[in-house]
Number of protein chains: 2
Amino acid sequence: MHVLVLGAAGMIGRKLTARLVADGHLGGRSLERLTLVDVVAPAAPAGVTGEVATVAADLAAAGAADRLLADRPDVVVHLAAVVSGEAEADFEKGYRVNLDGTRELLEAVRAAHAADGYHPRLVFTSSIAVYGAPLPNPIPEDFHLTPLTSYGTQKAIGELLLADYTRRGFVDGVGIRLPTICIRPGKPNQAASGFFSSILREPLVGAEAVLPVPESVRHWHASPRSAVEFLVRAASLDGDQLGPRRTLSMPGLSATVGEQIEALRRVAGERAVRLIRHEPDPAVLRIVETWAPALEADRARRLGFTAESSFDEIIRVHVEDELGGSLPG
Amino acid sequence: MHVLVLGAAGMIGRKLTARLVADGHLGGRSLERLTLVDVVAPAAPAGVTGEVATVAADLAAAGAADRLLADRPDVVVHLAAVVSGEAEADFEKGYRVNLDGTRELLEAVRAAHAADGYHPRLVFTSSIAVYGAPLPNPIPEDFHLTPLTSYGTQKAIGELLLADYTRRGFVDGVGIRLPTICIRPGKPNQAASGFFSSILREPLVGAEAVLPVPESVRHWHASPRSAVEFLVRAASLDGDQLGPRRTLSMPGLSATVGEQIEALRRVAGERAVRLIRHEPDPAVLRIVETWAPALEADRARRLGFTAESSFDEIIRVHVEDELGGSLPG
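Residues numbered from 1 in each chain as written. Chains lettered and ligands numbered in written order. Predicted model: local features only at pLDDT ≥ 70, side-chain atom pairs only at ≥ 80, totals over all residues. Heavy atoms only, no water.

By the naming in an unreviewed UniProt entry, chain A is Nucleoside-diphosphate-sugar epimerase, taken from Friedmanniella luteola.

Let's shift gears to the overall build of chain A. Helix and strand counts for chain A come out as 11 helices and 14 strands. A compact globule built from 329 residues should have a C-alpha radius of gyration of about 20 Å, and chain A, at 20 Å, falls within 12% of that. Considered along the principal axes of its C-alpha atoms, chain A spans approximately 60 × 45 × 40 Å. Expressed as a percentage of the 329 residues in chain A, the buried residues total 53%. Sequence-distant contacts, at least 24 apart, represent 76% of the contacts inside chain A between residues at least 6 apart. Surface exposure of chain A reaches about 13,100 Å², of which carbon and sulfur atoms provide 50%. (Helix = DSSP H or I, 4+ residues; strand = E, 2+ residues; numbered from the N terminus. Rg over C-alpha atoms; globule rule 2.2 N^0.38 Å. Buried < 20%, exposed > 50% of the residue type's maximum accessible area, 1.4 Å probe, protein only. Contact = heavy atoms within 4.5 Å. Areas by Shrake-Rupley, 256 points an atom, 1.4 Å probe, with all protein chains shown as cover.)

All names here are of chain A. Relative orientation of the contacting elements helix H8 (residues 257–273) and helix H11 (residues 311–322) amounts to 60 degrees, with a least axis distance of 8 Å. Looking at the two axes, H8 sits oblique to H11. Seen along the crossing, H8 lies across H11 with a hand that is right-handed. Contact residues: H8 offers Glu-259, Gln-260, Ala-263, Leu-264, Arg-266 and Val-267, while H11 offers Phe-311, Asp-312 and Ile-315. In terms of residue class, the contact of H8 with H11 is made up of five nonpolar, one polar and three charged. (Axes fitted to C-alpha atoms, helices over the stretch in contact; angles between N-to-C directions. Parallel < 35°, antiparallel > 145°, perpendicular 65-115°, else oblique. Left-handed = near helix turned anticlockwise from the far one by under 90°. Nonpolar A, V, L, I, M, F, W, Y, C, P; charged D, E, K, R; others polar.)

With that out of the way, let us pick up the relation of the copies chain A and chain B. For the match of chain A to chain B, the screw axis carries a shift of 0.0 Å, the RMSD comes to 0.0 Å, and the turn is 180 degrees. Between the two chains, the operation in question is that of a two-fold axis. Taking the C-alpha atom as reference, chain A places His-144 of chain A closest to the rotation axis, 1.9 Å from it. Most of the interface of chain A is mirrored in chain B: 100% of its interface residues are interface residues there too. (Least-squares fit on C-alpha atoms with pLDDT ≥ 70 in both.)

Turning our attention to empty space enclosed by the protein. On inspection of all chains with the given rule, the structure shows two cavities of 30 Å³ or more. Of the voids in this model, the largest cavity is the one considered here, and its volume is about 40 Å³. Lining the largest cavity, in full, are His-78, Ala-80, Ala-81, Asn-98, Thr-102, Phe-124, Gln-154 and Lys-155 of chain A. When the residues that make up the lining of the largest cavity are grouped by side-chain class, the tally is three nonpolar, four polar and one charged. Considered as a void within the structure, the second largest cavity measures approximately 30 Å³ in volume. Every residue lining the second largest cavity is listed: Lys-15, Ile-183, Pro-224, Arg-225, Val-317, His-318, Asp-321 and Glu-322 of chain B. (1 Å grid on protein atoms, 1.4 Å probe; cavity = no way out; pocket = protein on both sides within 12 Å on 5 of 7 lines; lining within 4 Å. Points joined across faces, edges and corners; volume = space filled by probe spheres on them.)

Residue and element names in this part refer to chain A. With respect to topology, seven strands assemble into an open sheet ordered E5-E4-E1-E6-E7-E8-E12, the strand pairing being parallel. The open sheet has two free edges, formed respectively by strand E5 (51–56) and strand E12 (247–249), since each of these has just one partner strand. Ignoring which end each strand starts from, the neighbouring axes of this sheet average 15 degrees apart. Packed on one face of the sheet, helix H1 (residues 11–23) meets strand E1 (2–6), strand E4 (33–38) and strand E6 (75–78) and runs near 175 degrees to E4. Across the sheet, helix H5 (residues 150–167) lies against strand E7 (121–127), strand E8 (172–178) and E12, angled at about 155 degrees from E7, the strand it touches most. (Pairing = 2+ DSSP bridges.)

Here it is, written out as C-alpha cells:
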C-alpha cells in the first residue's frame, strides 16, 4: 500500500508518519510506500522498511496535485492547512492554501479518475472551527456550520466539496472534525487556544504558564495520540458505512479549564498547579467563548472512534509520548 | 440608486426588473440606474425613466466582475446560476458558473473595497437544494446543509463565502434560500420539479398535464411574485439585523400535491382537475422524495418576509400576473 501524507511536517503529520512506520501496515495491508509532502520537504523517518519519498510542494500551485497523484497512492491523508490565526491575518493565503489547495487536490483526483478509474481513500481533516457561536452544548451532529473565522469557512467548504466529489464517484472521501488537540508538544505559541496545552505542559516540567481565561471556560479536547488514531481509522474504515454525509464529528473530552487544573493537581501535585499564573486577557476570552464546548459524536463512536475520558488520561498520554514516561525530578 | 442584476434574463430576473421599473425606487431611494446582465444581453425593459444598460457577460471570466462593478452599483442582485439539472449533468460548468462565478464576484467586491471602501449590498439567491435527505419536517433553521446535488453544494458554498466576506467587512451580504417557485410561467420543462407548476398551469388554460408522483408528496412553495418581493426586501433590509448568519430561509407554503389539486378544483373546477394525467415515474419520485417538505422560517418572518398561505392564493397570483386576471372561457 502507498500512503501519501500532505502536511507531513506538522505536529500531527509527524506523529502519523511515526505511527504508520511503527505499524508497518494500514487497514490490514502492508505499508510498502510512503510519500511525505509539505511546503518544505519533511524529514524522512527512521526505521522504514519500505520506500519513502519526501517532497516539497505547494498544493495550490498549478500541476502540483497532479504530480503528487501520478503514482496513484491508495490513501491520501490531507492535513495541509494554514492555521486559524494565519488564515485570519492573511485572507488571501488562507483561501489559497485551505480552499484552492483542497480543490486542486480534488480536481487532480477527478482527472485521474477520468483517466483510469483511480478512486483513492481521501482523509480530510476538518475542525470544530466550522461551528460558530451561539452554540448549544453539546452541538448536535445535525447542527449547521456557521463559522466565525475564514479558517472555519474554508474547512466547511472542504467538507462540502469532499461530500460532492465522493457522491459523484470521483473519490472515496472521509472527513473528520478534530477537537482541539491537547497537550500539544513543543513551545508555547501565539494561537488563542495555546493556553489549553501550556497550562499543563509547562507546569509538568517545572515551568510557568499563563492562563488568560476564567477556569469556567469549557472546551472539547483530544490528545495527539487520539488524533493519530482518528486518522488511521478514517484511512481504513468502510466508506459505505458513512452514506452521503462524509464528515464525522470526532469524539473528545468536554472539560473546563478548572477540570484540567484538577487533573494536573492529581498527576503532578500542588507545586505544579502553583506555576499557573492567572492573567485575564479579554481579547483571548472573546475568541474562546465562541468555541464549541462539546460535540455529539455518536456516529463516529459507533464506527469505533474513541478519545480520552478524563484529563488525567490526556496528561498521562503526554507523559508517556513526550516525557519518556515519567515526570522530571 | 444604481442596481445591478446578474442573471437578469431568467424568469425571476425579468420579473424583478419589471417590479423595480414599476416601483421606480428601492428601499426608499429613487432608482436612477439599472444594469441588467446575463450570458446573453437581457431585453431592455419598457417605461424606464432612469438609465438602463444591458450587458452580456460571463461572471466567471477573468475581469468580468471587475468591469461590472467599475461604476460601483449600490445594490447587486446575484441570480446568475446554472440550474440544478444542468449542474448535475455538466459538473465542470456547474462549478465554473455557480462557484467560480460567485467567488469572482466576491473577489471583485473585495478589490473595490480595498481600492475605495466600496461596500455594496449583495443579495445572493440560495435554494432549498442546500438540504438533503433524510430531513425533518419542518427543517429547523439551525439544521445542517448536506446537499445531495452539485447545485446544492455550490449554493451552500456560496452561503459560506457570503458570510465570511461580510464578516470581514468587504461586502454587506444577504442570502435568501428560495422555496420551489410555483407556478412558474412558460412551457413545461425537463426539471424534476416541473410538474409542481405544470399540473396547475396547463389545466388552468385547458391543457393536459402529467403528474409523475403520488398526491401525498409534500413540498415547499412560493409564487414568483413572492420571490420578487423576497429579493426587494433582501435588497433593502438593515443588514445589522442579521448578525453573522447572513442567509435566511424564506417562508413558503408547505403543501402536498393533493392539496395543490384541491385548490385547482376550487378555483377552476372538476374539468380542470380531470386534465391531470397520473403517470408514476419512479425516477422523478426518487429525486423529489429527497427534497424539503417544509422549512422553519421564523427569522425571515420576523424581518417581514411573507409568502402565500394557501394554494388558492398561489393560483390567484398566477391568474392575475400571467393570465390577465381571469381564466379563459
